[in-house]
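Secondary and tertiary structure notes
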Amino acid sequence: MPNIVLKIPKNSFPGEHRVALVKNINEAAAMAEGMPADPKKRFLCWVLIDEVEPGHWTCGGADVTSVFLPCLAIVYIPDGVLDAAARARYAQLLQSAFEEAMPPADKRQLTTSAVFNAVADGAWGVNGAVWHLPHFAKAAGYARLQHLVGAAQ
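Along each chain, residue indices are assigned from 1 in the same order as the chain's sequence is written. Local features in this predicted model are restricted to residues whose pLDDT is 70 or higher, and side-chain atom pairs enter the listing and the counts only when it is 80 or higher, whereas totals over whole chains, interfaces and linings include all residues. Calculation of side-chain values draws on the structure's entire complement of heavy atoms; hydrogens and water are dropped beforehand.

1. Describing the environment of arginine 42
Segments assigned H or I by DSSP are reported as helices when at least four residues long, segments assigned E as strands when at least two residues long, and all are numbered from the N terminus. Among the secondary structure elements, arginine 42 is positioned in helix 2 (residues 39-42). Using a relative accessible area of 23% as the deciding quantity, one classes arginine 42 as partly exposed. Spatially, the C-alpha atoms of arginine 42 and proline 2 are 9.8 Å apart, while their sequence positions differ by 40 residues. In what follows, residue pairs with any heavy atoms lying within 4.5 Å of each other are defined as contacts. Beyond its immediate stretch of four places on either side in the chain, arginine 42 contacts Asn26, Glu27, Ala30, Met35, Pro36 and Ala37. Any residue under 20% of the maximum accessible area for its type is buried, any over 50% is exposed, and the rest in between are partly exposed; the area is computed with a 1.4 Å probe on protein chains only.

What follows is the structure, encoded as structure tokens:
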């Protein structure tokens, strides 16, 4: 049940490429987190695209977006869902998600950054209630955390 904020340069993934990007990011999250194919479980993966205006994305103080396509994925995930191996896989899957959705005519060099924010247990509110890891395990169907489901109230 991640919340994922994507920051991309404005108009860099237009139309069908934006659709592919969202699909790919959702699939990457499900694979890395061990979510089943159940649409009710997958509905809990939220993706927000924030397009950055030209000249507002700098690297080393310079606007490099004419040469590079910088893409940032900020992933908020309940602490305990990802271990080190899952985070490494997630980073690779996010890279692939951007690569596959990138318009072929865009010849800029893709550069990605992924930040994984593990939200402390009991620090995430859902529909007016504070959730703990067992709630997330039950709602999202995390394969490796199903042993916790009985503790969800």
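2. Quick notes on the sheet that holds strand 5 (residues 68-78)
Paired strands, as defined in this entry, are two strands with at least two bridges between them according to DSSP. Spatial strand order, 2-1-5-6: four strands in an open sheet with mixed pairing. Each having just a single partner strand, strand 2 (46-52) and strand 6 (109-119) make up the two edges of the open sheet. Across the sheet, the axes of successive neighbouring strands diverge by a mean angle of 15 degrees, strand direction being ignored. Looking at chain direction, strand 5 and strand 6 are connected through eleven bridges and run parallel. In the strand pairing of strand 6, leucine 72 is matched with serine 113. Comment: axis = line fitted to C-alpha atoms, over the contacting stretch for helices; angle = value between 0 and 180 degrees taken between N-to-C directions.

3. Observations concerning the environment of glutamine 146
For glutamine 146, the position within the fold is in the segment after helix 4 (133-140). In this structure, the C-alpha to C-alpha distance between glutamine 146 and phenylalanine 136, residues ten residues apart in sequence, is 9.8 Å. Not counting chain neighbours up to four residues away, the residues in contact with glutamine 146 comprise Ala137 and Gly141. Of the polar contacts made by the side chain of glutamine 146, one reaches the backbone oxygen of tyrosine 142; its length is 2.9 Å. For this analysis, a polar contact is any N or O atom pair within 3.5 Å, provided that within protein one partner can donate a hydrogen and the other can accept it, and provided that sequence-adjacent residues contribute only side-chain to side-chain pairs.

4. Digging into empty space enclosed by the protein
A pocket, in this scheme, is an open set of points on a 1 Å grid over the protein atoms alone with protein on both sides within 12 Å along at least 5 of 7 lines, while a cavity is a set where a 1.4 Å probe fits but cannot get out; residues line either one if an atom lies within 4 Å of a point. Grid points are joined across faces, edges and corners, and a volume is the space filled by probe spheres set on the points. One pass over the structure, following the stated rule, counts one cavity of 30 Å³ or more. There is about 40 Å³ of room inside the largest cavity. Lining the largest cavity are Pro78, Val119, Ala120, Asp121, Gly122, Ala123, Trp124, Trp131, His132, Leu133 and Phe136. For the lining of the largest cavity, the per-class residue count stands at eight nonpolar, two polar and one charged. Amino acids are sorted into nonpolar (Ala, Val, Leu, Ile, Met, Phe, Trp, Tyr, Cys and Pro), charged (Asp, Glu, Lys and Arg) and polar (every other residue, Gly among them).

Read these as spatial facts, not as claims about activity.
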